[in-house]
Amino acid sequence: MRIPDELERLRARVSELEERQTRARETEKELQVSHARLAGILNIAQDAIISIDSEQRIRMFNRGAESIFGYQAADVIGQPLDVLLPKRSARVHRRRVEEFGKSGHVARMMGERQQILGRRKDGSEFPAEASISKLSQPDGQIIYTVILRDITDRKQQEDELKASREELRRLAAHMESVRDEESRRIAQEVHDELGQSLTVLKMRLMAIAGEVGPPDHPLHRKVQEMIDSASGIMQTVRRIATQLRPSLLDALGLEAAMRWHLQEFQEGTGIQTELEFEKPEKEPDSQLSIALFRIVQEALTNVARHAEATRVKVELAKVQEPVPFVRLIVTDNGKGFDIRRAHGKSLGLVGMKERALHLGGDLSIQSEPGQGTKIVVCVPLERGGD
Ligand SMILES: Nc1ncnc2c1ncn2[C@@H]1O[C@H](COP(=O)(O)OP(=O)(O)OP(=O)(O)O)[C@@H](O)[C@H]1O
Ligand SMILES: [Mg+2]
């Protein structure tokens, strides 16, 4: 080969190498930029972002992780992941990560069904929400990346919400029982005080009537009118007292009281009523009777007010299994309603439900526009005292 040719070939090779070097520098620069970008993201993320290798040793620990776990990255890099977990659950986690490594999934939410707990440097534990992803390296190693969020505050808020709901429920139940007690007291006052005064008044008027002369005497007629009106008022008083506290409930029991109420309802509204009452083994105690009676009252009031029904049926059945309880069903053939829309607006349905819950039972409503309404209440006959 001629020397000039050889020189030319070498020159071409040099410039090719130079070009390659330039490209390599550019790639390196790009890599640096993208590293910096990634580092920026990792630094500002509030969540803990932690990478572990195939041996589950910590390889990367961002600032979020430092502030959540209380460790500096330098303290934990190279340490097993176990240092961030409660001791009792570390083994299970290790196995889960291994299984995930072998699985065909590339990412997964951790603890979807059960909660994940993290362990801080000071040993305290906290509830967390975490997800994991994996990346296979060219050398066959797998790098897992875990993103984890401390949900202590959220959990606390959820717990508080739950507690305040519970409190509200107790308060509602308490209010119902206060209202029942108050009604009972007023009913008694109305019945005893007003009722007796009216009886005395009527008797006195009758005595006067005997003294004012013959029955056709104008004064006698006036007194007779007063006697009639006293009788009318007495009836009203009795009705009010009975509505406040169905005395039949105490005197004759739940069935008679319900029958009476349905009869009154039918006469007052023209809506045909039907009662099917299967006597429980033992008469429900007074608290349960009142609750069932009030539920029927409210359900019937709703039928009269909203349902545009022509028929309503009340059924009470005893059920023995798994524990003795009663099932009360009120069905109307009215226009029905959209249950989702009724929520939160008024107190009738809520009050019924609270009564049932307070007695350790439950209430469900089945209704759809145009399909009538069915209210089903199940309550145990015996309660662990409260
Ligand atoms: N049997 C029924 N048929 C049709 N709609 C009903 C029936 N029962 C309830 N509803 C609907 O559900 C809503 C809620 O009932 P709820 O008893 O809670 O409240 P309300 O009767 O409107 O007021 P209140 O608080 O005085 O009872 C009613 O406004 C009505 O639209
Ligand atoms: Mg109502």
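Student: I keep staring at the coordination of the magnesium ion (ligand 2) and nothing clicks. Help me out?
Tutor: Put simply, the ideal angle at a metal is 109.5 degrees for four donors in tetrahedral geometry and 90 or 180 degrees for six donors in octahedral geometry. Distances from the magnesium ion (ligand 2) to its protein donors, Glu-298 (OE) and Asn-302 (OD1), fall within 2.1 to 2.3 Å. Here the residue Glu-298 and the residue Asn-302 both occupy positions in helix H9 (residues 286-307), the gap between them amounting to four residues, near one helical turn. On the basis of relative accessibility, which here comes to 23%, the residue Glu-298 falls in the partly exposed class. For Asn-302, a relative accessible area of 16% translates into the label buried.

Student: So what exactly am I meant to see when it comes to the layout of surface pockets here?
Tutor: If a probe as big as a water molecule is rolled over the atoms, it shows which places are left empty. Quantified by volume, the largest pocket comes out at close to 690 Å³. Taken together, 22 residues line the largest pocket, and the ones lying closest to its centre are Glu-176, Arg-179, Leu-347, Val-350 and Gly-351. Elements with a minimum of two residues in the lining of the largest pocket: helix H5 (152-211), H9 and helix H11 (348-358). Among the elements that make up the lining of the largest pocket, the one with the highest residue count is H5 (ten residues).

Student: Honestly, the environment of His-174 in this entry has me stumped. Any pointers?
Tutor: Here His-174 lies in helix H5. Put simply, His-174 and Arg-355 are 181 residues apart on the chain and 9.8 Å apart in space, counted from C-alpha to C-alpha.

Student: Looking at this structure, I do not really get the pairing of strand S2 (residues 58-61). What am I missing?
Tutor: Summarising the sheet, strand S1 (residues 48-52) and S2 pair through three bridges and their orientation is antiparallel. Counterpart to Ser-51 in the pairing with S2 is Met-60. Two successive antiparallel strands, S1 and S2, enclose a turn made up of five residues, where Gln-56 displays a positive phi of approximately 65 degrees.

Student: Even after reading the chapter, I still don't get the pattern of salt bridges, so can you show me in this structure?
Tutor: A side chain with one charge can pair with a side chain of the opposite charge if their charged atoms come near. Using the criterion set out here, one finds 23 salt bridges in the structure. Of the charged contacts, one joins Glu-8 and Arg-11 as a salt bridge, the two residues approaching to 3.4 Å between their closest N and O atoms. One end of the pair is Glu-8 and the other is Arg-11, both in helix H1 (residues 3-44) and three residues apart, which spans about a single turn. Taking the relative accessible area as the measure of exposure, Arg-11 reaches 52% and is therefore exposed. In the salt-bridge network here, residues are joined through shared partners; they are Arg-13, Glu-16 and Arg-20.

Student: Is there a simple way to explain the site of ligand 1 in this structure?
Tutor: Inspection of the region around ligand 1 gives 14 residues, with Asn-302, His-306, Asp-332, Ser-346 and Leu-349 positioned closest. In the complex, the protein chains occlude 81% of the 600 Å² of accessible area that ligand 1 would expose alone. The cavity where ligand 1 resides is the second largest pocket. Elements that contribute at least two residues to the shell around ligand 1 include exactly H9 and H11. When residues in the shell around ligand 1 are grouped by element, the largest group, five residues, is from H9. Taken together, the residues that form the shell around ligand 1 break down as five nonpolar, six polar and three charged.

Student: I'm lost on the side chain of Arg-355 in this one. Help?
Tutor: Tracing the backbone through its elements, the reader meets Arg-355 in helix H11. Arg-355 has contacts with Glu-176, Arg-179, Asp-180, Ala-291, Arg-294 and Ile-295, leaving out every residue within four places of it along the chain.

Student: Is there a simple way to explain the environment of Gln-297 in this structure?
Tutor: With respect to the secondary-structure elements, Gln-297 resides in helix H9. Along the chain, Gln-297 and Gln-243 lie 54 residues apart, while their C-alpha atoms are 9.8 Å from each other. Contact partners of Gln-297, with chain neighbours within four places excluded, come to Gln-243 and His-261.

Student: It is not clear to me how the packing of aromatic side chains should be interpreted in this structure. Could you clarify?
Tutor: Remark: the centre distance and the inter-plane angle together describe each pair of aromatic rings, the angle taken between the planes. Enumeration over the complete set of coordinates arrives at three aromatic pairs. Taking 5.5 Å as the distance between ring centres and 70 degrees as the angle between the ring planes, the aromatic pair formed by Phe-69 and Phe-126 counts as edge-to-face. Separated by 57 residues along the polypeptide, Phe-69 in helix H2 (residues 63-69) and Phe-126 in strand S5 (residues 125-136) bring together distant segments of the chain. Among the residues examined, Phe-126 registers a relative accessible area of 0% and is labelled buried. Residues Phe-100 and Tyr-144 carry aromatic rings whose centres are separated by 6.2 Å and whose planes lie at 45 degrees to one another, so their mutual orientation is tilted. With Phe-100 in helix H4 (residues 87-102) and Tyr-144 in strand S6 (residues 142-150), the pair connects residues that are 44 residues apart, well separated along the chain. For the pair Phe-100 and Tyr-144, one class covers both residues: buried. Among the aromatic residues, those joined into a ring-pair cluster are Phe-61, Phe-69 and Phe-126.

Student: Is there a simple way to think about the confidence of the model for the protein chain in this case?
Tutor: For residues with low pLDDT, the predicted coordinates do not support detailed interpretation. Residue-level pLDDT values for the protein chain average 87, and 96% of them are 70 or greater. Taken element by element, the predicted model of the protein chain shows its lowest mean pLDDT in helix H7 (residues 247-251) (70) and its highest in strand S7 (residues 272-277) (97).

Student: Whenever I open this one, the packing of helix H8 (residues 254-269) against H9 confuses me. Can you help?
Tutor: For any two helices packed against each other, one specifies the crossing angle of their axes together with the interaxial distance. Where H8 meets H9, the axes come as close as 11 Å, and the angle between the chain directions of the two elements is 15 degrees. Between H8 and H9, the angle is such that the two are roughly parallel. Relative to H9, H8 is oriented so that their crossing is right-handed. Counted together, Leu-254, Ala-257, Met-258, Trp-260, His-261, Leu-262, Phe-265 and Thr-269 of H8 and Ser-289, Leu-292, Phe-293, Val-296, Gln-297, Leu-300, Val-303 and Ala-304 of H9 form the full contact between these two elements.

Here is what the cut-offs are and how they apply
- Residues numbered from 1 in each chain as written.
- Chains lettered and ligands numbered in written order.
- Predicted model: local features only at pLDDT ≥ 70, side-chain atom pairs only at ≥ 80, totals over all residues.
- Heavy atoms only, no water.
- Donors = N, O, S within 2.8 Å, 3.2 Å for Na, K, Ca; no water.
- Helix = DSSP H or I, 4+ residues; strand = E, 2+ residues; numbered from the N terminus.
- Buried < 20%, exposed > 50% of the residue type's maximum accessible area, 1.4 Å probe, protein only.
- 1 Å grid on protein atoms, 1.4 Å probe; cavity = no way out; pocket = protein on both sides within 12 Å on 5 of 7 lines; lining within 4 Å.
- Points joined across faces, edges and corners; volume = space filled by probe spheres on them.
- Pairing = 2+ DSSP bridges.
- Salt bridge = Lys/Arg side-chain N within 4 Å of Asp/Glu carboxyl O.
- Near = heavy atom within 4 Å.
- Areas by Shrake-Rupley, 256 points an atom, 1.4 Å probe, with all protein chains shown as cover.
- Sits in = over half its atoms within 2 Å of the grid points.
- Nonpolar A, V, L, I, M, F, W, Y, C, P; charged D, E, K, R; others polar.
- Contact = heavy atoms within 4.5 Å.
- Phe/Tyr/Trp six-rings, centres within 6.5 Å; stacked < 30°, edge-to-face > 60°.
- pLDDT = per-residue confidence, 0-100.
- Axes fitted to C-alpha atoms, helices over the stretch in contact; angles between N-to-C directions.
- Parallel < 35°, antiparallel > 145°, perpendicular 65-115°, else oblique.
- Left-handed = near helix turned anticlockwise from the far one by under 90°.

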